[in-house]
Each structure stands twice: as C-alpha cells, then as structure tokens.
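So you can see what is in the structure, the chains are spelled out below.
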Amino acid sequence: MVKALVSVAALVVASGASAAVVGVDLGTGAPPAFLGGYSMSPFGDDGREVIGDVNGVGVAEGAPFGDLGFSHTLSHRQIGLGWSTWSNGYEGDVYYNSTNDLPIPRGDGSGFFDVTLAMPVGTAAFYLYAESDPFGLHTITAFSGNTVLTLEVEGQGGANGYGFFTDDGSTIDFITVSADVGFAIGEFGAARVPAPGALALVGMGGLVGLRRRR
C-alpha cells in the first residue's frame with residue numbers, strides 16, 4: 001500500500017514552465033506497475049562489471065528509453081555482490097554512493113551526501129529505491145524541484161521506494177537523493193510522456209494507478 005502522497009508545484013522543465021510534480025512514498029514492497037496513471041517500465045539487467053565505477057545507466061545497460069545520468073561516479077553493485085540486503089525480494093543492480101570513496105558534501109557544510117539523477121529525455125514518471133550503508137534507521141531524502149520526500153529507511157533489508165510523476169504531461173529532468181550516510185540506489189523504473197491524445201486517460205487514471213496489491 002502506498003503510505004504517503006505529497007504534491008507541490010515544482011520547476012522541473014528546461015523551458016522554465018511550472019509543472020505539478022507529485023511525490024509518493026512507495027514503501028518497501030514491490031514497485032508499482034502504474035504510477036500516477038503512467039505505465040511503468042522497470043530497468044533491465046546491467047551487464048557491466050560489478051564493483052565497477054559508472055556514471056549512469058544507458059539503454060544498453062537496461063534503461064527502457066534514453067540515458068539516466070549520475071552527477072558523479074557511483075559503484076555498480078548487485079544484491080549479494082557488494083551489497084548485502086534490499087527489500088521486496090529484489091536481487092538486481094544497485095549503485096553505491098559511498099561516503100568513504102566518494103565524499104560529496106553539500107556546499108552549505110551540512111555534511112549530507114547527494115547524487116543527482118538526470119532523467120532520460122521525456123520522463124513523466126520515475127521511481128527508485130534507496131537503502132543506507134549502515135544498518136539501522138537513517139534518513140534518506142529524494143526531491144525533484146520543490147517536491148520533497150524525506151523518509152526513515154532501515155539499512156538492513158529495508159530499501160524504500162520513492163516515486164515522482166507529473167500530472168500535466170510535462171517532464172521531470174532531475175531527481176536528487178541525499179543522506180548523511182552512505183547509501184545505494186537502484187530498482188529503477190520510468191515512463192515517458194504519453195502522446196497528446198493519451199493525456200486525458202492518464203489524468204483519469206490518477207490515483208487509481210497508484211493502488212497496488214502487496
């Protein structure tokens with residue numbers, strides 16, 4: 001069951017137009033097939049070297065359309081190979097933002113470690129899961145523009161999902177994930193902006209598409 005819903009106006013379109021971005025706490029269950037009425041496409045297997053440094057995920061590495069970019073290098077891991085736990089039975093690829101190897105503190109001196117994801121062109125909805133490096137509860141925040149999801153995430157088998165979508169047919173350009181500890185992100189899924197004739201159907205789907213069985 002979706003646990004929370006946050007919606008605010010956020011500036012996420014390169015043209016500067018105001019798009020309504022909705023953020024959803026997806027919990028620790030399996031990813032939804034629909035997010036905000038959009039049919040989601042999960043990323044496929046990333047066949048690159050495990051424990052290797054990567055700067056994003058392209059179509060050749062499992063992205064369903066376009067390239068997903070990282071603001072700095074992350075370490076490619078898999079559950080059981082460089083990353084020990086996750087949630088919902090997921091056993092695939094994750095990308096580690098380590099405070100030891102990749103210290104990227106915020107400029108304001110807060111000590112948080114951020115990674116910004118540059119969305120594939122035309123992205124209308126996106127989800128990711130995140131889990132902290134130390135076991136125990138730690139705060140991990142994901143935000144797009146002014147839409148912010150700040151959640152307590154269990155580092156031992158508690159990877160939590162963060163979902164974002166637009167409700168007006170515009171696009172999401174960036175999502176930033178931030179924590180004061182190391183963390184991994186993965187289990188991505190995305191949806192494109194639909195053709196103009198399909199926008200009304202997306203609107204009608206709305207929150208119905210957020211409901212899923214556990």
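Residue indices follow the written sequence of each chain, beginning from 1 at its first position. Per-residue local features are limited, in this predicted model, to residues with pLDDT of at least 70; the limit for side-chain atom pairs, both in listing and counting, is 80 or more; totals at the level of whole chains, interfaces and linings are taken over all residues. Excluded from the side-chain calculation are hydrogens and water; included are all heavy atoms of the structure.

Draft legend 1. Molecular detail of the overall build of the protein chain. The secondary structure content of the protein chain amounts to one helix and 16 strands. Looking at the protein chain as a whole, 51% of its 214 residues are labelled buried. Whether two residues are in contact is decided by their heavy atoms: any pair within 4.5 Å suffices. When contacts within the protein chain are restricted to residue pairs at least 6 apart in sequence, long-range pairs at least 24 apart make up 67% of them. Each accessible area is a Shrake-Rupley estimate made with a 1.4 Å probe; only the visible protein chains count as cover when residues are assessed. For the protein chain, the exposed surface amounts to about 9,300 Å²; the carbon and sulfur share of it is 56%. Only DSSP runs of H or I with at least four residues qualify as helices, and only runs of E with at least two residues qualify as strands; both kinds are numbered from the N terminus onward. Three labels apply to residues, based on accessible area from a 1.4 Å probe with only protein chains included: buried if under 20% of the type maximum, exposed if over 50%, partly exposed otherwise in between.

Draft legend 2. Representation of the nonpolar core within the structure. As used here, the term nonpolar core means buried Ala, Val, Leu, Ile, Met, Phe, Trp, Tyr and Cys residues forming a set that is joined through side-chain atoms within 4.5 Å. Within the largest apolar cluster, 32 residues are counted, with the highest numbers of intra-cluster contacts made by Phe-70, Phe-126, Leu-128, Tyr-162, Ile-185 and Phe-188. Counting residues per element, this core draws most heavily on strand S16 (residues 183-192), which supplies four residues. Discounting residues that sit within four places of it in the chain, Leu-128 has contacts with Leu-117, Asn-160, Gly-161, Tyr-162, Ile-175, Val-177, Ile-185, Gly-186, Glu-187 and Phe-188. Ranked by size, the runner-up nonpolar core spans 19 residues in total, among them Ile-79, Ala-124, Tyr-129 and Ala-184.

Draft legend 3. Representation of the pairing of strand S10 (residues 113-118) in the model. Summarising the sheet, strand S7 (residues 68-79) and S10 pair through two bridges and their orientation is antiparallel. Counterpart to Gly-69 in the pairing with S10 is Ala-118. One bridge is not enough; two strands pair if DSSP finds at least two bridges between them.

Draft legend 4. Layout of the packing of aromatic side chains. Within 6.5 Å between ring centres, the rings of Phe, Tyr and Trp (the latter by its six-membered ring) count as paired, and their orientation is classed by plane angle as stacked under 30 degrees, edge-to-face over 60, tilted in between. The tally for this structure, following the rule as stated, stands at eight aromatic pairs. Between Tyr-127 and Tyr-129 the ring centres are 6.4 Å apart and the planes differ by 90°, which places this aromatic pair in the edge-to-face class. Grouping residues by exposure puts Tyr-127 and Tyr-129 together as buried.

Draft legend 5. A look at the side chain of Asn-160. Along the chain, the position of Asn-160 falls in strand S14 (residues 160-166). Look at Asn-160 and you get buried, because its relative accessible area is 4%.

Draft legend 6. Layout of the pairing of strand S11 (residues 123-132). Counting buried residues in S11 gives ten out of ten residues, a clear majority hidden from the surface. One ladder, built from eight bridges, connects S11 with S16; its direction is antiparallel. Residue pairing for S16: Tyr-129 is matched across the bridge by Gly-186. For S11 and S14, the ladder comprises six bridges, and the chain directions are antiparallel. Opposite Tyr-127, over in S14, you have Gly-163 as the bridge partner.

Draft legend 7. Broad picture of unusual backbone geometry. Within the chain, Ile-51 stands out as a residue other than glycine whose phi angle is a positive 65°. The phi dihedral of Glu-187 falls on the positive side, at around 55°, and the residue is not glycine. Mapped onto the fold, Glu-187 is located in strand S16.

Draft legend 8. Region of interest: the environment of Asp-180. By the element assignment, Asp-180 lies in the loop between strand S15 (174-179) and S16. Sequence spacing of Asp-180 and Thr-99 is 81 residues, and the spatial spacing of their C-alpha atoms is 8.5 Å.

Draft legend 9. A look at the side chain of Arg-77. On the secondary structure map, Arg-77 appears in strand S7. In terms of polar contacts, Arg-77 uses its side chain to reach the side chain of Ser-75, at 2.7 Å. Apart from the residues lying within four places of it in its own chain, the contact partners of Arg-77 are Val-50, Ile-51, Gly-82, Trp-83, Gly-92, Asp-93, Val-94 and Tyr-96. N or O atoms within 3.5 Å of each other form a polar contact, as long as, within protein, one can give a hydrogen and the other can take it, and as long as residues adjacent in sequence are counted only when both atoms are side-chain atoms.

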